[in-house]
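Analysis of the macromolecular model
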Amino acid sequence: MKTNFNNYLYLRFTILIVFVVSFFIGCTPELHYIDKHCTSMKGGLTVDAWVNQNAFNNYEYIDFGGTRINKDEIRKIRNLPYRKLQFEVPAWPIPETIKVYVVTDDDRSNSFEFTYTEDIEIFRIEPNKGSELGGTFVTIRGRNFKAPADASLHTEKARVYELDDLKVISESEITGYTKPHVPEIVHLFLTCDTEDCPSSDTLWQCYEYIADPYHIFGAPLGIDEPIKDSYQYVAIDDMNNDHRNDIVVVSSDIAAVNVQVINGIDDDPISTLGLPHDSKPSGVALGDFDLSGSVDIAVALEELGVVAVIFNDGSGIISGYDLIDVGGNPKAIIVNDLDGDGNIDDIATANSPGSSVSIMIGKDDGSFETAIEIPISGGSTSGKPNELVSIAAANLDGVGNLDLAITNKSNNEAIILFNPGSSVSYLGEYIKESLIEPVWVAGFDYNFDGKIDLSTLDYRSANLSYWENLGSSSFGGHKGLHLEIANPVVLTVNGDLLTIAFEDCLVGGKKILESSYDYKIKLPVKEGDHFKGFILSMATGDLDGDGTADIVVGMRDYGAIFIIRSTETHVF
């Protein structure tokens, strides 16, 4: 009985061996599979043709759609039980599907289909140079781009730096952000893979990493952990009377609050002054409060309900401060000529909680009139308490002194206080709605008709909202531009140039309403989905005397500021 069972097993094993041998050896050449069976018309792809033993031992050439690939162009790879013929795919004149055969002396194998697709081409990359710190937003333009895609920058030493946040916008546009790299000229490779065509590569010209178009002041790049509860508010003006702009930074964390003046040319600190550590700064603004001809500093201190006025000795040295009661908890601050006397020495704050605006008129000697506190009713009928988070001054009605505009984030509105007189006499409220969590307000002549229009940044909807100034204290209907980047936080105006800051990047230009940006800058403060810090404040001004606006960015939870220097074309 045991012998019969062994004979049965031996018979089954013999049948299996005969089947396997006949499959892999065969009597005729067989082409089982080509591992990569799709490429662009440029060819050059290395492929493996899996064959049986007859084709492996006796092949003479490969018929590739009528093109002969000879033995000296083919590499034999034996890895039992598999046998492969490896070769490079030739270029092809048109996109089409062809048939491939393995040919021996006696016969030819069955055919296998191979497909050529239209070439991917890159026409240009915009911009073609950017920071060694990475974070440059680049747009790759070309044709026949497919999704998904991979783009990488290759150096001469074969190092590869893939682009971050790569998006295939269309068949002609791909966007992404560069990674940090030493200053060097590299090559851009683009790979578009699909299930039908798993590998299609193209090589374009050069991309240049350039040194220090912006850098971080106050903390090293790539800090391991965020500095929780740290805040940096920034401003730009000539602090040491050398006719060049400098930087003012108000920094706070759980241990200290400091005001620092930094030389705008070489970024060296000029002076530092400490403020009460539990005061919670909420903004900084600059003016000449004692009419000395030097720029002084005003810092809103939310927890104390005061503004710290810091005087400058003319060389950028700050050594003391006065605390001015505002009657509320200041969330935002501006300095301007609010009483029409020609001096930039008046202060206004938006206060919340308390829902009021405080105005402190300068008395030309560094002191101030008692604060005028104007209650803001706004959208209080909604049942939500008002949250006033930003304030701006502009002549919105075309007469009298500067008017004030405030954003009420919680009730989704912008509020205008008109000042039609020759002194400080704000009359009533003019409310513009249709917003979603407005966090910033500014006056800007969007249509260049000589009248200042009203604009806000809407945090939740990522919109730039604006209303055309029709004159006589009236405005046109609400218009909005979707910014296509989440969570805008700050808007600055420098001449006819707008700059908008988001949580980790900046965009700017003269034609933002046409969705045209002169520059896009991504700051290296995010690793994957993890933020190491967020943009909190921003100031623009010419720091290096080249006639173009540079940018200083204050951060939250990062412990540093970014100094971003421009070129003549605003490519940072």
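These remarks concern the structure in this document. (Residues numbered from 1 in each chain as written. Predicted model: local features only at pLDDT ≥ 70, side-chain atom pairs only at ≥ 80, totals over all residues. Heavy atoms only, no water.)

**Some thoughts on empty space enclosed by the protein**
Just so we agree on the cut-off: Using a 1 Å grid laid over the protein atoms alone, points where a 1.4 Å probe fits but cannot get out form a cavity; open sets with protein on both sides within 12 Å along at least 5 of 7 lines form a pocket; any residue with an atom within 4 Å of a point counts as lining. Grid points are joined across faces, edges and corners, and a volume is the space filled by probe spheres set on the points. Note on conventions: DSSP H or I runs of at least 4 residues are helices, E runs of at least 2 residues are strands, and numbering of each starts at the N terminus. Note that Gly is not counted as nonpolar here; it falls among the polar residues with everything else outside the nonpolar set of Ala, Val, Leu, Ile, Met, Phe, Trp, Tyr, Cys and Pro and the charged set of Asp, Glu, Lys and Arg.
For the structure on display, the rule yields one cavity of 30 Å³ or more. Taken together, Ala392, Ala393, Ala394, Leu396, Ala405, Val441, Ala442, Gly443 and Leu454 form the lining of the largest cavity. Mapped by element, the contributors of at least two residues to the lining of the largest cavity are β32 (388-394) and β36 (438-444). Grouping the constituent residues of the lining of the largest cavity by class yields eight nonpolar, one polar and no charged.

**Some thoughts on unusual backbone geometry**
Test applied: Throughout this description, buried means an accessible area under 20% of the type-specific maximum (1.4 Å probe, protein chains only), exposed means over 50%, and partly exposed covers the range between.
In the segment running from glutamate 126 into proline 127, the intervening peptide bond is cis, with an omega of -10 degrees. Mapped onto the fold, proline 127 is located in the loop between β10 (121-126) and β11 (129-131). The step from serine 352 to proline 353 runs through a cis peptide bond, and the omega angle for that step is 0 degrees. Relative to the helices and strands, proline 353 resides in the loop between β29 (346-351) and β30 (356-360). Its identity as a non-glycine residue notwithstanding, asparagine 144 has a phi of 65 degrees, on the positive side. Mapped onto the fold, asparagine 144 is located in the loop between β12 (137-143) and β13 (149-154). Asparagine 144 gets classed as buried once you look at its relative accessible area, which sits at 14%.

**Some remarks on the pattern of salt bridges**
Heads up, the condition is: Each reported salt bridge corresponds to a side-chain nitrogen of Lys or Arg within 4 Å of a carboxyl oxygen of Asp or Glu.
Enumeration according to the criterion identifies 13 salt bridges in this entry. Linking aspartate 48 and lysine 84 is a salt bridge whose minimum nitrogen-to-oxygen distance equals 3.7 Å. A residue pair is termed long-range when its members are at least 10 positions apart, and aspartate 48 in strand β3 (residues 46-51) and lysine 84 in strand β7 (residues 82-88) qualify at 36 residues. With respect to burial, aspartate 48 and lysine 84 carry one shared label: buried. Lysine 179 is the salt-bridge partner of aspartate 164, the closest N and O atoms lying 3.7 Å from each other. Remark: lysine 179 occurs in the loop between β16 (173-177) and β17 (184-192) and aspartate 164 occurs in strand β15 (residues 164-170); sequence separation between them is 15 residues. Each of Arg124, Glu126, Arg141 and Glu173 takes part in salt bridges that share partners, so that together they form one network.

**Some words on the packing of aromatic side chains**
Where we set the bar: Here a pair means two rings of Phe, Tyr or Trp (six-membered ring of Trp) with centres within 6.5 Å. Their orientation is stacked below 30 degrees between planes, edge-to-face above 60, and tilted elsewhere. Our definition puts a charge over a ring when NZ of Lys or CZ of Arg is within 6 Å of the ring centre and also within 35 degrees of the ring normal.
With the rule as written, the count across this model stands at 13 aromatic pairs. Aromatic pair tyrosine 33 and phenylalanine 112: ring centres 5.7 Å apart, planes at 80 degrees, arrangement edge-to-face. In this pair, tyrosine 33 sits in strand β1 (residues 31-34) while phenylalanine 112 sits in strand β9 (residues 112-117), placing the two residues 79 residues apart along the sequence. When its relative accessible area of 37% is taken as the criterion, tyrosine 33 is described as partly exposed. On the basis of relative accessibility, which here comes to 17%, the residue phenylalanine 112 falls in the buried class. The structure contains a cluster of three or more aromatic residues connected by ring pairs, namely Phe64, Phe87, Trp92, Phe114 and Tyr116. The ring of phenylalanine 56 has lysine 76 sitting right over it, with the charged end atom 4.5 Å from the ring centre. Taking NZ or CZ as reference, lysine 409 lies 5.6 Å from the ring centre of tyrosine 459, over its face.

**Some words on the pairing of β12**
Selection criterion: Strands are treated as partners if at least two bridges between them are detected by DSSP.
Extensive coverage of β12 is indicated by the burial of five of its seven residues. Taken together, the five bridges between β10 and β12 define a ladder with antiparallel strand orientation. Across the sheet, the residue bridging to glutamate 121 is arginine 143, located in β12.

**Regarding the layout of surface pockets**
Reported here for the largest pocket is a volume of approximately 1700 Å³. Along the walls of the largest pocket sit 49 residues, with Ile333, Trp440, Val490, Ser537 and Met538 positioned nearest its centre. Looking at the lining of the largest pocket, the elements that each hand over two or more residues are β20 (231-237), β24 (281-287), β28 (330-336), β32, β36, β42 (490-494) and β48 (534-541). Counting residues per element, the lining of the largest pocket draws most heavily on β48, which supplies seven residues.

**Brief notes about the side chain of asparagine 312**
To keep it simple, the criterion reads: Within 3.5 Å is the distance limit for a polar contact, defined as a pair of N or O atoms, with the added protein rule that one can donate a hydrogen and the other accept it, and that residues adjacent in sequence qualify only through two side-chain atoms. Here, two residues are considered to be in contact whenever any of their heavy atoms come within 4.5 Å of each other.
Position of asparagine 312 among the secondary structure elements: in strand β26 (residues 306-312). Within the structure, asparagine 312 has its side chain in polar contact with the backbone oxygen of methionine 239 (distance 2.7 Å). A polar atom in the side chain of asparagine 312 sits 3.0 Å from the backbone nitrogen of glycine 316. Apart from residues no more than four positions distant in its own chain, asparagine 312 is found in contact with Met239, Ser294, Val295, Asp296, Ile317 and Ile318.

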